[in-house]
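# Structural features, examined
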Amino acid sequence: MPAVILACLLLLVASTVQDLQVLGSTPSSRQTRKGNDAEVEDMTQRATRSEVLTPAGERITLLRRLALPAIAMLVLVVAWFAVSRLAADLSYADLRASIAATAPATLLAALAFTALSFAALTLYDLGALAFIGRQLPLPVVALTSFCAYAVGNTLGFGALTAGAIRYRFYTSQGVEPEEIAGIVTFVTVAFGLGLAGVAAFGLLSAAGEFAHLPVSPTGLQWVGFIVLAVLTGLVFAAGSGRTVRLFAREWRLPSRRLMLRQFLATAVDVSASAAVLWALLPAGSASLPAVVALYAVAVGLGVLSHVPAGLGVFETVIVAGLGDRVGMEAVLGALVLYRVIYHLVPLVLAVLAISLLEMRRVAASPRAALALRAATRMAPPTIGAFTLVLGAVLIFSGMTPVGEGPLGLLEAWLPLPLVEGAHFLGSVLGVVLLLVARGLVFRLDGAWWLAMILVPVSMMLSMAKGMALGETALLATLLLALIASRRVFSRPASLLHQALSPGWLAAMGTLIVTAAALLFFVYKEVGYTHELWWQFELSGEAPRSLRAMVGILLTAGFGAGWMLLRPFADATALPTPQERDRAMRIVAAQPRTDACLVAMGDKRLLFSTDGRAFIMYGRQGRSWVALSDPVGPRECWPELVWRFVEMAAQAGGRAVFYQVAADSLALYADAGLMAFKLGEEARVPLADFDLKGARRAGLRQAINRADRERLDFFILTPEQVPARLAELGAVSAAWMAHHKVREKRFSLGAFNPDYLRGQPVAVLTREGRIVAFANLLLTGLKDEASIDLMRFVPEAPNGVMEVLLTRLMLHFRAAGYASFNLGMAPLSGLSASAAAPVWHRVGRAVFAHGERFYNFAGLRAFKAKFRPEWRPRYLAVGGGINPMLALTDIAVLIGGGLRGVMGK
C-alpha cells in the first residue's frame, strides 16, 4: 500500500508534465516536384476519394470519441458505488441535519481559508511570469489567476481548464505561445511537486492517525521521506541556468530562490484548501496535518482519474480515510459544504467581478483598460462554466426533496399540476443549460439568446417547485452576467450544430451519474413499485424525483445523440470556376499575396455567411487543414474560424490552421486551439531597399554579373503569358528533370497552364530565350508582392534566382509596393534554450540535421541575403498528439501522397 501511494504521488507529477509535451516534425516548404498536369489532377482525385469516411470508419471515429468519456464514467460509477457502500447506514435526513448544524463561525473560517488559498494561487502565475522573464500588472494577473482557478478547480476539462483559460488571456497580451507553454508547465509542475511535498509532510507528521487503514504508519512515513528527499534534491540542484534531465528531456530549473518561493506558495495553497475541509469537520475529530495529507492524495487521484473536478473520486478517498474516525454524516456534510465554499463561491465571485468590469465600459486608466480587456477574455469560459454548474444545480435539485416549510407555502398558493410541472421542467432545463454552456464558452450568439430565455424561466420554475431562493439568486447572478457581457457573445453560429467533445460528454455523464447516485441515496428507504410513476401528491417527493430523472435521461440522450449521430453534409467538391472567381475578387481586395494560391483550384472553399471572406482548406486523413488565416475583412474571421472548427469536429476530424500569423493567435485560442511555431516568414521592406553599401555588396555584384552575361529582365502580363507558355513549360520540365523532383500542391503552386495564365510572370532572358522565370502573386492593393514557382534551365548562370529576386524588388519598390514576401523558412527561429518546449528542440534538430529531406539552413541563409524582417508563423491545432498527426497529414497533403513525401 505505501508503494501505491508513492506511485500515485509520482504519477501525478509525471502526468501533469507529460501532458504538455508534443513531438512533431514540419513538412518541407517552397519545394516543387516532378510531374505534369495530368499527374497532379490524378493525385488530387485519389486524395479526394480517400478522404470520404466509410460506414466502418464513421463507427470507429464515433467509438474513439466515446472511449474516454466511457472510461471516466466507469471510474465514477465505481467511486459512487464505493461511497454508497461506506455510507450504507446514513440517511439523507441525517446528512441535512449535519449540514444545518454547522455553525456560522465555522463557515466564516472555511471562507477565510478559501480566500487564503486563492491568494496563494496568484503567486503561481507571478512565479511563472518571472521564470519566463515577463511582467504584467499585479491586478490583471490576480484576476486571470482567480478566474482560471475558479473555473479549473470546479470543472477542469477541455476549454475549462486553468491552462486553457490562461492561454486565452496571455495570447491576447502578446505573450508567445511557447512562453505560454512555459507558464502552464511551470504552474502545473509547481502544483504537482508542491502537492507531493505537502502530502509527504503530512504523512511524516500524522501517519499514526491512519492506523485504521490497512497501511503501516512506518510505511507511510517512508513514503513521505522518499518524496521529500527527491524534492530536496531538486532544490539543491536549482540555480541560474542549471538543467536536469527528466522524462526524456532537459528542463531548465528556476533559481533556488524562485523554487523555494513557489514551494512555499504551493504549501500555503494546498494547506489552506485542505483547511477548508478540516474547518468543516467536527472540532478535534482529526488533526490538520492528517487532513492535509489525505486531501493531497485525494486531489492527486482526482486529477489522475480524468473525471471532471475529480467528482466522486475525491469524495471516495476522503470518506475512506476519515469516515470511521469522524463519522459518516459529518464527513459527507463537510464534503458538500466544501464543494460549495471552495468551488461554487469563487466561481460566483469571478462571474460578479467580470460582470462589474464589463459594465464599466469606459476605463479611467491604462491599467483599468487592461483589466477590462482581461475581463472580456475571461468572460466566455467563466460564464460558460457558471452556466454548466447551475445546470448541475437544477439537476441535483430535482433529485432531492423539498423542505416541509416550502411545501406548506406551495400547498397554500400553487396547484399540484403546476408544482409537478415545475419540478420536471426545471430538471429538463438543467440539462439544456449543460448544452448551452458549451456555446457560451465559445462565444456563440445563439447560446446567449437561448440562455437569456432559459435563465428567467428557470428562476420562475425554481420558485414554483420549492421556493428555492438560493437557486433563484444564483440564476439571477448568471442573468446579470449575461446582460453585462452581451457584446462578448458575438459569434454567429448554430447552437444545434455543435459537436460535443469527449470532455463535454464526460462532464454531462459525470453530472447524470452523480444525479442518479444522489437519487438512490436520498430515496434508498423507499421501496420501488410501478405505482410510483403515477403517484401525484404534494408530499410524493420520490415519484417526482423519479420522473425528473427520466426527463433528464431522455433530454440528455436526445441532445447528445443529435450532436453525435446527426447526418453531416460534407461538401467534398472542389470549387467551381464561378466560386474560384468569387474568391479571387475577395483576394484582390485584401493585402496578403499567399491568398492567390486559391487560383490553383486544388483547395476547398468555405465562405462566410455574408460572402465577404473565405477559408481555403484541404483534407488528409482526419485533418482538415486551412491554409493560413482566413482571407477577407478581419471582422469576418471569428465566424469563419468557428464554423471551420465545428465542421471538422462534426465530421470526426481535427481542425488545423497552417502558417497563421502571430497577431491572429488569440482568435484560434478562442476556438480552443493551441499554437506551435513552424518557422519564420521573410518580408523585405521595399521603401529603403537599394544596392548601396557593404550590406548589399553581394546583390550588387550579382546584378553586375548578370549584365555581363546579357541577362534581360522583364515581366509578362497575364495577356502575354499564353504566347510564351510552351517556352515556360520547357524551362519548368528541364528544371524538374535536372533536380529529380515532383510537383507539389496545397501550400505551393504547380506548373498548371490555367494557373499561370491568370497572373504576371517575371522572366530572365538571354538572347531572347527564357532561362529563368517566377510567377508573381499580387493583389489589388500594393501592400506586398511575392512569387510562387521559381524555375530555371540547368545551363543558366550561377545566381540567376538571386538576380531575378533583386530585379523584382527594385521593380516593385519603384511601383510603390510596401514589401516583398520571400515566404517561410521552415523550422527557423526556434528557441535553443534548455527550457524550450520539446517542439522547439526537435525542430532545431531537424533544422540542423535534416539536409537529406530539405535544405532548411540553406533556405534561410539564401533569404537572409536580402536583409528581411522575420515574422513567426504558427500551426494552430488541438493539443496532445494532434500537432504531430496534423503535420504528418500536411506533409502528405503537400507532397500529393506518401510517395511525394518519401521522395524528393
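Please read all numbers here as calculations on a predicted model, not as lab measurements.

## Looking at the environment of alanine 374
Mapping alanine 374 onto the fold places it in helix 14 (residues 366-399). If we ignore the near neighbours within four places in the chain, the residues touching alanine 374 are Val140, Leu143 and Phe169.

## So, the pairing of strand 6 (residues 654-661)
For strand 6, a buried count of eight out of eight residues is recorded, marking the element as mostly surrounded by other parts of the structure. Taken together, the five bridges between strand 5 (residues 623-627) and strand 6 define a ladder with parallel strand orientation. Residue alanine 626 lies in a different strand from strand 6, and its bridge partner there is phenylalanine 657. Taking the sense of rotation as the criterion, the β-α-β connection linking strand 5, helix 22 (residues 637-650) and strand 6 turns out right-handed. Relative to strand 13 (residues 869-877), strand 6 runs antiparallel, the two sharing four bridges. Of the residues in strand 13, the one forming a bridge with valine 660 is tyrosine 874.

## Notes on the packing of aromatic side chains
In total, this model carries 20 aromatic pairs according to the counting rule given. Note on tyrosine 295 and phenylalanine 314: the rings are 5.6 Å apart at their centroids and 85 degrees apart in plane angle, and the pair reads as edge-to-face. With tyrosine 295 in helix 11 (residues 288-305) and phenylalanine 314 in helix 12 (residues 313-326), this residue pair connects regions lying 19 residues apart in the sequence. Linked through ring pairs, Phe118, Phe146, Tyr295, Phe314, Tyr338 and Tyr342 together constitute an aromatic cluster. It is arginine 486 that lies over the ring of tryptophan 448; its NZ or CZ is 4.2 Å from the centre.

## Some words on unusual backbone geometry
In this structure, arginine 443 takes a positive phi of about 65 degrees despite not being glycine. Turning to its location among the elements, arginine 443 is positioned in the loop between helix 16 (416-441) and helix 17 (445-466). Of note, the phi angle at arginine 867 is positive, near 55 degrees, even though the residue is not glycine. The topology assignment puts arginine 867 in the loop between helix 29 (856-864) and strand 13. On the accessibility criterion, arginine 867 (45% relative accessible area) is partly exposed.

## Points about the packing of helix 8 (residues 177-206) against helix 11
At a closest axis distance of 8 Å, the pairing of helix 8 and helix 11 adopts a crossing angle of 140 degrees. In this structure, the crossing between helix 8 and helix 11 has a hand that is left-handed. Each of Phe191, Leu195, Val198, Ala199, Gly202, Leu203, Ser205 and Ala206 in helix 8 lies in contact with helix 11, whose residues at this interface are Pro289, Ala290, Val292, Ala293, Ala296, Val299 and Gly300. Classifying every residue of the contact of helix 8 with helix 11 by side-chain character gives twelve nonpolar, three polar and no charged.

## Section: the confidence of the model for the chain
In regions of low pLDDT, the predicted coordinates are not meant to be interpreted in detail. Mean pLDDT over the chain works out to 78, with 77% of the residues at or above the 70 mark. Across residues 1-59, where pLDDT falls below 50, the model places 122 contacts with residues more than four positions away in sequence or in other chains. Considering only residues more than four positions removed or in separate chains, one finds that residues 843-853, a stretch of pLDDT under 50, has 17 contacts.

## Describing the pattern of salt bridges
Under the criterion given, the structure shown has 22 salt bridges. Aspartate 610 is paired through a salt bridge with arginine 612; the nearest N and O atoms lie 3.0 Å apart. Under the relative-accessibility criterion, arginine 612 is labelled partly exposed at 38%. Here lysine 865 and glutamate 802 are joined by a salt bridge, their closest N and O atoms 3.2 Å apart. Here lysine 865, found in the loop between helix 29 and strand 13, pairs with glutamate 802, found in helix 27 (residues 800-814); they are 63 residues apart in sequence, far enough to count as distant. According to the relative accessible area criterion, lysine 865 is partly exposed, its value standing at 38%. In this structure glutamate 802 comes out as buried when scored by relative accessible area, which is 11%. Several salt bridges share partner residues, and in doing so they unite Glu681, Arg683, Glu784 and Arg873 into one network.

## Concerning a nonpolar patch on the surface
On the surface, Leu204, Trp222, Phe225, Ile226 and Val230 cluster together into a nonpolar patch covering about 480 Å² of accessible area. Tracing the backbone through its elements, the reader meets isoleucine 226 in helix 9 (residues 217-237).

## Re the sheet that holds strand 12 (residues 819-826)
The mixed open sheet is built from eleven strands, whose spatial order is 3-4-5-6-13-7-12-11-10-9-8. Only two strands of the sheet have a single partner each, and these edge strands are strand 3 (604-607) and strand 8 (711-716). Pairs of neighbouring strands in the sheet enclose a mean axial angle of 30 degrees, with direction left out of account. One ladder, built from six bridges, connects strand 9 (residues 761-766) with strand 10 (residues 769-777); its direction is antiparallel. Each bridged residue has a counterpart across the sheet, and for arginine 766 the counterpart in strand 10 is arginine 769. Across the sheet, helix 21 (residues 577-588) is in contact with strand 3 and strand 4 (614-620); its angle to strand 3 comes to roughly 60 degrees.

## Let's talk about the side chain of serine 117
Summarising the element assignment, serine 117 is placed in helix 5 (residues 104-132). Judged by its relative accessible area of 0%, serine 117 is buried.

## Description of the pairing of strand 7 (residues 674-685)
Burial runs high along strand 7: ten of the twelve residues are buried. Two strands pair when backbone bridges link them, and strand 7 and strand 13 are joined in this way by nine bridges, in the antiparallel orientation. Counterpart to alanine 675 in the pairing with strand 13 is alanine 876. Direction of pairing for strand 7 relative to strand 12: antiparallel, over a ladder of seven bridges. Of the residues in strand 12, the one forming a bridge with proline 685 is serine 819.

## Description of the side chain of glutamate 315
Tracing the backbone shows glutamate 315 in helix 12. A polar atom in the side chain of glutamate 315 sits 2.8 Å from the backbone nitrogen of glycine 312. A polar atom in the side chain of glutamate 315 sits 2.7 Å from the side chain of arginine 339. Ignoring sequence-local partners within four residues, the contact set of glutamate 315 consists of Trp80, Val83, Gly310, Leu335 and Arg339.

## A short note on the environment of methionine 452
As for its position among the elements, methionine 452 is in helix 17. Dropping the residues within four chain positions of it, methionine 452 is found in contact with Leu479, Leu482 and Ile483.

## What about the environment of methionine 460?
Within the secondary structure, methionine 460 is located in helix 17. Judged by its relative accessible area of 57%, methionine 460 falls in the exposed class.

Cut-offs used in this document
Residues numbered from 1 in each chain as written. Predicted model: local features only at pLDDT ≥ 70, side-chain atom pairs only at ≥ 80, totals over all residues. Heavy atoms only, no water. Helix = DSSP H or I, 4+ residues; strand = E, 2+ residues; numbered from the N terminus. Contact = heavy atoms within 4.5 Å. Buried < 20%, exposed > 50% of the residue type's maximum accessible area, 1.4 Å probe, protein only. Pairing = 2+ DSSP bridges. Right-handed = clockwise from strand over helix to strand, strands pointing away. Phe/Tyr/Trp six-rings, centres within 6.5 Å; stacked < 30°, edge-to-face > 60°. Lys NZ or Arg CZ within 6 Å of the ring centre and 35° of its normal. Axes fitted to C-alpha atoms, helices over the stretch in contact; angles between N-to-C directions. Left-handed = near helix turned anticlockwise from the far one by under 90°. Nonpolar A, V, L, I, M, F, W, Y, C, P; charged D, E, K, R; others polar. pLDDT = per-residue confidence, 0-100. Salt bridge = Lys/Arg side-chain N within 4 Å of Asp/Glu carboxyl O. Patch = residues over 30% accessible without salt bridge, like charges linked within 9 Å, V, L, I, M, F, W, Y side chains within 5 Å. Areas by Shrake-Rupley, 256 points an atom, 1.4 Å probe, with all protein chains shown as cover. Polar contact = N/O pair within 3.5 Å; in protein donor to acceptor, adjacent residues only side chain to side chain.

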